[in-house]
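Coordinates in review
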Amino acid sequence: MSILSLFSRFITPKYKEEATGYMDKNPEYIWVSDRSSFKAMLAILQQASSCIMDTEADSMHHYQEKLSLIQISVGKYHWLLDPLSKLNIKPLWKCKALKNITFHACDYDLRLLARFHDFHPESIYDTSIAAKLLGEKQTGLAALVEKYFGIKLNKSNQKADWTRRPLSPEMCHYAMLDTVYLEAIKELQCKKLEKLGRMEWLRESCCTLLINSKKNKNELSENEAKETWRIKGSSSFKPFELQLLRAIWNWRNKIAQKRDVAPYRVLNPYLMLDIVKAIAKNRGKINEHNLPRLPRNIKGALLQSFVKELNEAVSAPSEEFPGQIPRKAAPRTNINEDLREKLRELRNEKAAQLKIDSGLLAKQSQLNVLADSLCGTWEEKFEAAEFMEWQKEIWKSLASKAILPKTPAEFRSLAKEKLSAMSEESRAEESKKLLAELAKHPVLANGYIAAFYPTMFEPQIVPFLEKLADEGRLLLPRVQDKQKMEFVSIQNLESELHKGAFGIMEPKPDLPAFENSPTAFLVPGIVFGKDGSRIGHGSGYYDRYLSSFKGIPRIGIAYSAQMRNALPQNAMDMRMDEVLWVRG
């Protein structure tokens, strides 16, 4: 059986009113809210082998979220089913057509159907997932309709209140268009996916989404039993602050329920946290002057009720205050950052080759699993990362290329390759940020600073060197022979430097060597470890020189491309006390 036949139920005629890739050019919707229209709809859905579906909810407008509209299309039929009517729609979920449903970006739709009607289709086709696997830059429905058919959809009703009855003709037309074009889009996508050999990718991705939607339903039930007032950002709150937060949450919910509005429209979570922090600063009686700026409609009696609720919470016995939830011990990990970076590079290269978003191959959390040495073999890592089979096949070939450098020569070679690949814009941007770090570094504020004149592959810190020279605090190295170098005090970069050993700008021969100790060393290198390890160009000048100075801060300066997690070091290698670099 060919891969395409796996989706044959989606892309071949199902009964006399259906056609492959059908697009109704003059669509009309059928409003379904009574037994007669519902029965007529069921008669067709019981014959058809699949359908197109979308849903609308009202979470932005009302206290209790409701599934407010169900759009279903089969061929020339476009139904708008009203689940808020008194109609018993249970027979709908047993129809043959609802076993195989085409959606667009259906994660939320599946959760709504499961939550309100305990319904899960047997199989789905998601045109949004297909678009991503085809490498479409814009995967929204409006973008796809415009690209494929040159039709611009009006999305002005996207955030409308779908519980209003009757719905305006404009809203009904808008809702209908969410399903009208999907059959034709699907056919075009299937042809492209088959040509690229990605139909199996789509099938497995859709199956995974469907499986996860069932898991999410169970997780939702468990979460509902938890203390939902413990919102994000409150995990570090002490019992007194948690008592305030719970009181604010309860007050907000009472007002939202009374007004029948979404709770966030009364107080958003960020403001709730700000209110807690403001009140917690003083434990006296709370009044409106203790509060941060509230929404304009919270005033008068409403404001007084809010203040009263807070004061009652504060005056309650402290033993009634909620405690902090003990944090679960995080699973042990041992992530090799160098390996993770290598895997990210391999992922991005492969994604560019496939012309798809890199996140489809692996998310950041999955890269962490792959780079975790405690996860075992690659096969075990693929399972732990919850890769689909098509992802596993790609990563089997990528994993064999995830070879890290081991010797100093290999580290140098890799670093030079990365540095050569850096754009001028990246070099300039990182150098600018490093200059800002150098300017405010406390160790560099006074005394002589033994620095370096950068080559084209090193951070461009010349403006900082000029500042030190103007202040009479700059020391730069000069090579004496194949083993030794010395530092020289420099007041003018233009007149006191020339091209010396290795083509690097260094002090002229007639300038005297600096005889004292500097306040700090700024050290160049080809590769640095985040642990302070360093690999230079291989001549050993800095390692030999720095070995004579104990207790003086050694600060490495690097581009992000020069950074690794750790480097191999021997007894002669001098570690840095600190490395300055631009973190991504």
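Remember, predicted model here, so these are calculated numbers, not experimental data.

**Quick notes on the sheet that holds strand β13 (residues 527-529)**
- Ordered by their spatial adjacency, three strands build an open sheet running β14-β13-β16, and the pairing between neighbours is mixed. A single partner strand is all that each edge strand has here, and the edge strands are β14 (534-535) and β16 (563-564).
- Bridge analysis of β13 against β14 gives two bridges, and the strand direction is antiparallel. In the strand pairing of β14, Phe528 is matched with Arg534.

**Thoughts on helix α5 (residues 141-149)**
- Regarding α5, the residues found buried are Leu141, Leu144, Val145 and Tyr148. One face of α5 carries all of its buried residues, which in axial projection span an arc of 100°.
- If you follow the buried residues of α5, they end up packed against α4 (127-133), α6 (169-180) and α7 (182-196).
- Phi turns positive, to about 70°, at Gly150, one or two residues after α5.

**Describing unusual backbone geometry**
- Along the chain, Arg165 connects to Pro166 via a cis peptide bond; the corresponding omega equals 0°.
- With a phi angle near 50°, Asp118 is a residue other than glycine that sits in the positive phi range.
- Looking at where Asp118 falls in the secondary structure, it is placed in the loop between α3 (107-117) and β6 (123-126).
- You can call Asp118 exposed: its relative accessible area is 53%.

**Quick word on the pairing of strand β9 (residues 485-490)**
- With five of six residues buried, β9 is to be regarded as a mostly interior element.
- Once strand β8 (residues 474-479) ends, the chain turns through five residues before running back antiparallel as β9.

**Considering the packing of helix α9 (residues 239-259) against helix α10 (residues 269-280)**
- At a closest axis distance of 9 Å, the pairing of α9 and α10 adopts a crossing angle of 135°. Comparing the axis directions of α9 and α10 gives the class oblique. α9 and α10 meet at a crossing whose hand is right-handed. Contact residues: α9 offers Phe240, Glu241, Leu244, Leu245, Ile248, Trp249 and Arg252, while α10 offers Pro269, Met272, Ile275, Val276, Ile279 and Ala280.

Cut-offs used in this document
- Residues numbered from 1 in each chain as written.
- Predicted model: local features only at pLDDT ≥ 70, side-chain atom pairs only at ≥ 80, totals over all residues.
- Heavy atoms only, no water.
- Pairing = 2+ DSSP bridges.
- Helix = DSSP H or I, 4+ residues; strand = E, 2+ residues; numbered from the N terminus.
- Buried < 20%, exposed > 50% of the residue type's maximum accessible area, 1.4 Å probe, protein only.
- Arc of directions from axis to C-beta.
- Contact = heavy atoms within 4.5 Å.
- Axes fitted to C-alpha atoms, helices over the stretch in contact; angles between N-to-C directions.
- Parallel < 35°, antiparallel > 145°, perpendicular 65-115°, else oblique.
- Left-handed = near helix turned anticlockwise from the far one by under 90°.

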